[in-house]
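Listed below, chain by chain, are the residues.
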Amino acid sequence: MTRILVSGATGTIGRPLVKQLERAGADVRAVTRQLTDPVALKAALDGVEAVFLLWPFASAEGAREVVELIGARRVVYLSSAAARPYEVEIERLVAATAREWTVLRPHAFAANTLRWADQVRTGLVREPYGEVASSPVHEQDVAAVAVRALLGEGHHGAIHTLTGPRPLTRREQARAIGEAIGRPVRWEEEPPEETRPRLLALGWPAPAVDGMLRGLAEPGPATTTVEEVTGVPASTFGTWASEHAADFLGPMRAARVHEYGDASVISLEEVPVPRPGPGEVLMKVAATSFNPSEVGLRMGLLRDVLDVTLPYTLGWDVAGTVLTGAGDLVPGDRVIGHIEGAAAGYAVAKADMLVRAPGRVPLTAAAAVPVAGLTAWQAVFEHARIGRGTRVLINGAGGGVGLFAVQLAKHAGAHVVATAGPRSAAAVRALGADEVVDYTAEALPGGNDVLINLVADLPASVAELAEEFVSITRPIAHPRAVQFVTRNDPAQLRELVALIDEGVVAVEVAVRPLESLADLHREAERGLVRGKVVLEMET
């Protein structure tokens, strides 16, 4: 196993470099401040075969001693396309000392645009030289080239000039960031003579300001070096912006609970936008939905069932637009899924847990589908095994799960008997119920093949109601009764979406703002919530 020493391991290039080297099977040793401490550096170099050298100062003072300590090892030095005098001097020192050496000269990092983040959040970037084009390079691509030079052969004496794949003006870069975060970002040209005093007032050293302005005024080339070295085309700036969308977004609103209790424990607060991990997407949430079981979670009644860490962001259903893609999902895809933490402006989820949203209904309304739809699907098809000619009694048909269950049972060819109160009866009948029983005035009818129970209340004796029983609430005391907890199943959700788009299953919702979530919990505790309610995020 090759042992590699990486200096600047916590920096823009160092972090992805360490991860890529570890994935390649290298034994990575990282240094930061130890670089200029001879004792610490000598100890760190023990057993090291190759060094990634990032010099953290704007002067070559002290570099000779460090390069001499590194000695005759393989060295990859991160210089820059600007080839400043101190960088050229370090390049010379490395070439004169190392057994094998490679110099990386990246042009502008795409990450340099992160300093626009505060301006991006206002929707306006005011900077000079908006029409000057460059080809910003992704830090992952620089790291990938460094990995090849550190571990592979054929790079001795090479000076690799690294850029992105094509030039973009700075105005176009700002626009691409806006597309990545789903908000328009305008460019306003700032005269350089205004930029200089502004940066000086922020504490920038005058030489740094002048050097930066000179660099911004010069257009940059586009090279193919990344692809030539790695075999993979360099990442576009749009890809970089999409992956870093969370860095440009300000705090988001989220409905959270910090302790268990009544509805007053639900608070709307500002929290950072979550960052997607491997295989995850970042979504801009259009809506979540209210599920009655969240009342139990908020009260602390589900602690034995759900492993919840407080503070906890509510919301198990999500409908949103992908900002940062993963898997087969790309930015702009409209998706739904059963996740955690959806009662917020943005959410992350594993890409393979999401499916494309139905096109037949508004995205906001589609937030009603995942939990309620999957519960109904599994009750009807997995546990009740309803087919043509089955007589099924759906108890609680006017609720969010019930409205889906009625339609799915009818689609399966069943004779559907549905219980519903006076406020829900018309909706249940319109969705296909053959018989509607007003549970507030009538007894539940017997002679059914299956009873699907979706509510907490049932008669003391249920044996005469049906031959088999399925419940999503309390267990039913009968030898042919099944109680189940909904399973997250994207394949089933995909089938349900197809039925929605075919017009077989309708989605009916009431839409309320996220601010009403605590009131909605209170209404649910008093039995005042009918059907499915979705909570819309602010646009």
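Please refer to the structure higher up on the page.
Residues numbered from 1 in each chain as written. Predicted model: local features only at pLDDT ≥ 70, side-chain atom pairs only at ≥ 80, totals over all residues. Heavy atoms only, no water.

## What about empty space enclosed by the protein?
- One pass over the full model with this rule turns up four cavities of 30 Å³ or more.
- Approximately 50 Å³ is the volume found for the largest cavity.
- Considering the residues around the largest cavity, the lining is formed by Ala368, Gly400, Leu403, Phe404, Gln407, Leu431, Ala506, Val507, Glu508 and Lys532.
- Looking at which element gives the most residues to the lining of the largest cavity, the answer is helix 16 (residues 400-411), with four residues.
- When the residues that make up the lining of the largest cavity are grouped by side-chain class, the tally is six nonpolar, two polar and two charged. (1 Å grid on protein atoms, 1.4 Å probe; cavity = no way out; pocket = protein on both sides within 12 Å on 5 of 7 lines; lining within 4 Å. Points joined across faces, edges and corners; volume = space filled by probe spheres on them. Helix = DSSP H or I, 4+ residues; strand = E, 2+ residues; numbered from the N terminus. Nonpolar A, V, L, I, M, F, W, Y, C, P; charged D, E, K, R; others polar.)

## What to know about the packing of aromatic side chains
- Tallied over the entire structure, the rule returns five aromatic pairs.
- For the pair Trp55 and Phe57, a centre-to-centre distance of 5.4 Å together with 75° between the ring planes defines the contact as edge-to-face.
- Judged by its relative accessible area of 41%, Phe57 falls in the partly exposed class.
- Pairing Phe237 with Trp240 gives two aromatic rings, centres 5.5 Å apart and planes at 25°, and the pair type is stacked. You can see Phe237 and its partner Trp240 sitting in helix 11 (residues 237-243), three residues apart, about one turn around the helix.
- For Phe237, a relative accessible area of 4% puts it in the buried group.
- With a relative accessible area of 0%, Trp240 lands in the buried category.
- Within the aromatic cluster, the residues linked to one another by ring pairs are Phe237, Trp240 and Phe248. (Phe/Tyr/Trp six-rings, centres within 6.5 Å; stacked < 30°, edge-to-face > 60°. Buried < 20%, exposed > 50% of the residue type's maximum accessible area, 1.4 Å probe, protein only.)

## Some details on the packing of helix 3 (residues 63-70) against helix 4 (residues 85-97)
- Viewed as axis vectors pointing N to C, helix 3 and helix 4 meet at an angle of 25°, and their least axial separation amounts to 10 Å. Taken as axis vectors, helix 3 and helix 4 run roughly parallel relative to one another. Crossing angle aside, the handedness with which helix 3 passes helix 4 is right-handed. Each of Ala63, Arg64, Val67 and Glu68 in helix 3 lies in contact with helix 4, whose residues at this interface are Glu89, Ile90, Arg92, Leu93, Val94 and Thr97.
- Looking at the contact of helix 3 with helix 4, its residues break down into five nonpolar, one polar and four charged. (Axes fitted to C-alpha atoms, helices over the stretch in contact; angles between N-to-C directions. Parallel < 35°, antiparallel > 145°, perpendicular 65-115°, else oblique. Left-handed = near helix turned anticlockwise from the far one by under 90°. Contact = heavy atoms within 4.5 Å.)

## Let's talk about the pairing of strand 25 (residues 509-513)
- The sheet contact formed by strand 25 and strand 26 (residues 532-536) spans five bridges and is parallel. Residue pairing for strand 26: Val511 is matched across the bridge by Val534.
- Tracing the backbone out of strand 25, into helix 19 (residues 517-525) and back to the parallel element strand 26 gives a crossover that is right-handed. (Pairing = 2+ DSSP bridges. Right-handed = clockwise from strand over helix to strand, strands pointing away.)

## Some remarks on unusual backbone geometry
- Along the chain, Leu310 connects to Pro311 via a cis peptide bond; the corresponding omega equals -5°.
- By the secondary structure assignment, Pro311 is in the loop between helix 13 (293-299) and strand 14 (312-313).
- The phi dihedral of Ala83 is positive, around 45°, even though this residue is not glycine.
- Despite not being glycine, Tyr129 has its phi angle at roughly 60°, a positive value.
- Counting through the fold element by element, Tyr129 comes out in the loop between strand 6 (124-127) and strand 7 (133-134).

## Here's the deal with the layout of surface pockets
- As a volume, the second largest pocket reaches approximately 1600 Å³.
- Contributing to the lining of the second largest pocket are 45 residues, with Ser80, Arg84, Ala108, Phe109 and Asn112 lying nearest its centre.
- Broken down by secondary-structure element, the contributors of at least two residues to the lining of the second largest pocket are strand 4 (74-78), helix 4, strand 7, helix 7 (170-181) and helix 9 (206-217).
- In terms of residues, the lining of the second largest pocket owes the most to one element, helix 9, which gives seven residues.
- Of the residues that constitute the lining of the second largest pocket, the class distribution is 24 nonpolar, 15 polar and six charged.

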